[in-house]
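Architecture and fold: a report
Each chain, written out:
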Amino acid sequence: MTGDLVVRLLDGTYPETGPLTLTEDGATHDSGSNGFDVVYEAAPGAHPVLSGGRRVTGWSLQDATNNVWRAHVGDLATRQLYVNGVRAVRDHGTVNPDGWVKTAAGWTAPDATMASWRNPTDVEILGFYRWKAFRCPVESISGQDVTMQQPCWQNANRGSFGIHTVTWVENAYELLGTPGQFYLDRAAGDLYYVPRPGEDLATADVEAPVAQSLLTGTGTAATPLHNLVIRGLTFANATWLGPNTDVGYPGGQSGVYAVTGGAHPVWEKTPANVSFAHATHVRIEGNTFVHLGAAGLTLDTGSQDDTVVGNIVADTSHSGIQIGDSEDSAQTDPGQQNARNTVRDNVLRNIGAEYPNAAGIWFGYSDSATIADNDLAELSHTGISIGWGWGKASYARNNTIRGNHIRDAGQVLWDMGGIYTLSAQPGTVITGNVIDGVGHDDDRVSNGIYLDEGTAYYTAQHNVVRDAHNWLSIWTTSQHDNTVTDNVADRDMAQCPVNVFGPTANCNTGTNVVTDNVLGGAETPPRSGPTGRYAALNPPRLAPLPWVTVGLDKLRPAEPQPGPEDLAATGHPNTYHPVGSPRG
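The rules behind each value
Residues numbered from 1 in each chain as written. Predicted model: local features only at pLDDT ≥ 70, side-chain atom pairs only at ≥ 80, totals over all residues. Heavy atoms only, no water. Helix = DSSP H or I, 4+ residues; strand = E, 2+ residues; numbered from the N terminus. Buried < 20%, exposed > 50% of the residue type's maximum accessible area, 1.4 Å probe, protein only. Pairing = 2+ DSSP bridges. Phe/Tyr/Trp six-rings, centres within 6.5 Å; stacked < 30°, edge-to-face > 60°. Disulfide = S-S within 2.5 Å. Core = buried A, V, L, I, M, F, W, Y, C linked by side-chain atoms within 4.5 Å. Contact = heavy atoms within 4.5 Å.

So, unusual backbone geometry
When glycine is set aside, most residues are seen to have a negative phi, and most peptide bonds are trans. For the peptide bond that leads from glutamine 150 to proline 151, omega is 15 degrees, which places it in the cis range. Residue valine 498 is bonded to the preceding proline 497 through a cis peptide linkage, with omega at -20 degrees. Mapped onto the elements, valine 498 comes out in the loop between β51 (494-496) and β52 (500-502). Positive phi is not limited to glycine here, since histidine 291 has a value of about 55 degrees. Take histidine 291: it is sitting in strand β29 (residues 288-292). Positive phi values are uncommon outside glycine, yet aspartate 408 reaches one of about 55 degrees. Assignment of secondary structure puts aspartate 408 in strand β41 (residues 405-409). Among the residues examined, aspartate 408 registers a relative accessible area of 25% and is labelled partly exposed.

Considerations on the pairing of strand β22 (residues 225-231)
For β22, the buried fraction is high: five of the seven residues fall into the buried class. As paired elements, β22 and strand β28 (residues 279-285) share six bridges and run parallel to each other. Bridge pairing in β28 places arginine 231 opposite glutamate 285.

A few points about the sheet that holds strand β18 (residues 181-185)
Spatial strand order, β7-β8-β19-β18-β11: five strands in an open sheet with mixed pairing. Two strands in the sheet have a free side with no partner beyond their single neighbour: β7 (60-63) and β11 (89-90). Bridge count for β7 against strand β8 (residues 68-72) is three bridges, and the pairing is antiparallel. For serine 60, the partnering residue across the bridge sits in β8 and is arginine 70.

Describing the packing of aromatic side chains
According to the stated counting rule, one finds 18 aromatic pairs in the structure shown. Taking 5.0 Å as the distance between ring centres and 45 degrees as the angle between the ring planes, the aromatic pair formed by tryptophan 131 and phenylalanine 161 counts as tilted. Of this pair, tryptophan 131 sits in the loop between β14 (124-129) and β15 (132-142) while phenylalanine 161 sits in the loop between α1 (152-155) and β17 (168-170), placing them 30 residues apart in sequence. The buried category is assigned to tryptophan 131, whose relative accessible area is 1%. Owing to a relative accessible area of 4%, phenylalanine 161 belongs among the buried residues under this scheme.

What about the state of the cysteines?
A complete count under the given rule lists two disulfides for this structure. Covalently, cysteine 136 is tied to cysteine 152 through a disulfide, its sulfur atoms 2.1 Å apart. Because the sign of the S-S torsion sets the handedness, a value of about -85 degrees for the bond joining cysteine 136 and cysteine 152 places this disulfide among the left-handed ones. In this pair, cysteine 136 sits in strand β15 while cysteine 152 sits in helix α1, placing the two residues 16 residues apart along the sequence. Its relative accessible area of 2% is what places cysteine 136 among the buried residues. Here cysteine 496 connects covalently by a disulfide to cysteine 507, the sulfurs 1.9 Å from one another. The sign of the -85 degrees torsion about the S-S bond sets the cysteine 496-cysteine 507 disulfide as left-handed. Highlighted residues: cysteine 496 in strand β51 and cysteine 507 in the loop between β52 and β53 (513-515), separated in sequence by eleven residues. Of the residues examined, cysteine 496 reaches a relative accessible area of 0% and is grouped as buried.

Some thoughts on the nonpolar core
One finds Phe235, Phe276, Ile361 and Leu472 to be the most contacted residues of the largest nonpolar core, which totals 62 residues. Setting aside its immediate chain neighbours within four residues, isoleucine 361 contacts Ile321, Val343, Leu348, Ile371, Asn374, Leu376, Gly383, Ile384 and Ser385. In terms of nonpolar packing, the next biggest core, distinct from the first, is built from 21 residues, Ala109, Ile125, Phe134 and Val146 among them.

Examining the environment of aspartate 98
Mapped onto the elements of the fold, aspartate 98 is located in the loop between β11 and β12 (101-102). Its relative accessible area of 70% is what places aspartate 98 among the exposed residues. Aspartate 98 sits 69 residues away from threonine 167 along the chain, and the two C-alpha atoms are 9.7 Å apart.

Side note on the pairing of strand β43 (residues 424-431)
Every other side chain in a regular strand lies on the same face of the sheet, so the side chains alternate between the two faces. Direction of pairing for strand β40 (residues 400-402) relative to β43: parallel, over a ladder of three bridges. Counterpart to threonine 400 in the pairing with β43 is valine 429. Two strands pair when backbone bridges link them, and β43 and strand β46 (residues 456-461) are joined in this way by five bridges, in the parallel orientation. If you follow alanine 424 over to β46, its bridge partner there is alanine 456.

Below is the structure:
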């Protein structure tokens, strides 16, 4: 190439049933060359949408009493529905219902009502617990005995932090009746929906996502995909059908979950609807990722020198942006490592709308990453998560988390952080971030800055934390050689070794240095803020950013989406994770 090759997409919607695929291998060369890029971008003034949705029409009234409407959709396979650009909700029963008893094979229901339901294997039972989100499909129902499918049930019960209670029962015709909820009868090929006030299904734009991937870019360790630019496009209306299988979704931390049974299961990361692997010098700029049934964007193994800048990521079923992997802490092949990637100036909203064990921005093992100046809010769990391995040695080091604004994190699950870290990462710096509003007070493990197991050789300074139960967590003794200084918090409450909730001074122990932080009283936060050298660390208290200011006024979850107080995972007193316990 002697110059950039630019492919411009005109205005309009480009329907997809499968992904646009970019490949670099021995036979296919979709990369740039000679330092020039292949650019896929919106034409000037255009707003092209790559949509994996199928429009649903032909609605008729099925049940006048409950205002249930039906459309025949044949072999449609989806887990999401959007009506006039707003996410509908799979129908579900009472939140945190009484009377369920856990058994070896599943559950004993409060009564035998479910035994007469028409499609028992469509039904899923959800259980949210601490940082985990489980949803397993039903195998059979006999009387009150509900047997769950395997291997999902086995994997949902691994270790001390398996599924404990029923959060709700989901996806049955018999649960319909609430406006904004839908049910897909896969056996009959019929889609049912209860419209919200003001919706007219004769004219409404009803989109059922059918594509599981909208864009993939893949190279190899030896021949990475490289020198690509994706700019100004919208990726919308995609699904993810993995949980439809007997694997279900035994969702562990940050979406890593077991997909096989047995003593040594295979683990995978929740996928994204736009994904790259073994891709270098790729720039993802000024795009919109919206109404997606998995994570938004993943740059997986071997991602190097990539930039994700100026994008909007909103209304994703799982995490917003995922970089790197969780599989190989001891990776020494430079071509397989994740290095020098930048995520900056992105806006993320309503992340984890369906699978709440999600992070706004997630990095696994990573070297020399920059996560800077991003605006994150309305997050089901953690804001920014970096690291993996619970103390395993790895190539991770020299990462920077700087100048991010994180609001309203931990809205569903807890035991989380506005910024969360794992394992040693020498030279890593957390600085200049504002964390404003963190989760619930359930079990007291909602943290502003959470240095979890094995975190070592970090510097956290010049950050502001407000409205978190603990502004800081260094909860056990495996964290070492960290420096936490010159931060501002409105409350002198921290979680220090070992699981002690109290003054921050308790964290200044061992080889961790936790000093010179400006902290408010437990009951009277210093609203006026510090002066002098701390003045710059006391920005004004911000109201939540109106969605309309970033063009997202239609992207809120549909009512009646359960609120945070309904969805909050039930706590069990005195069951904090023991040192060295698996938390997958």
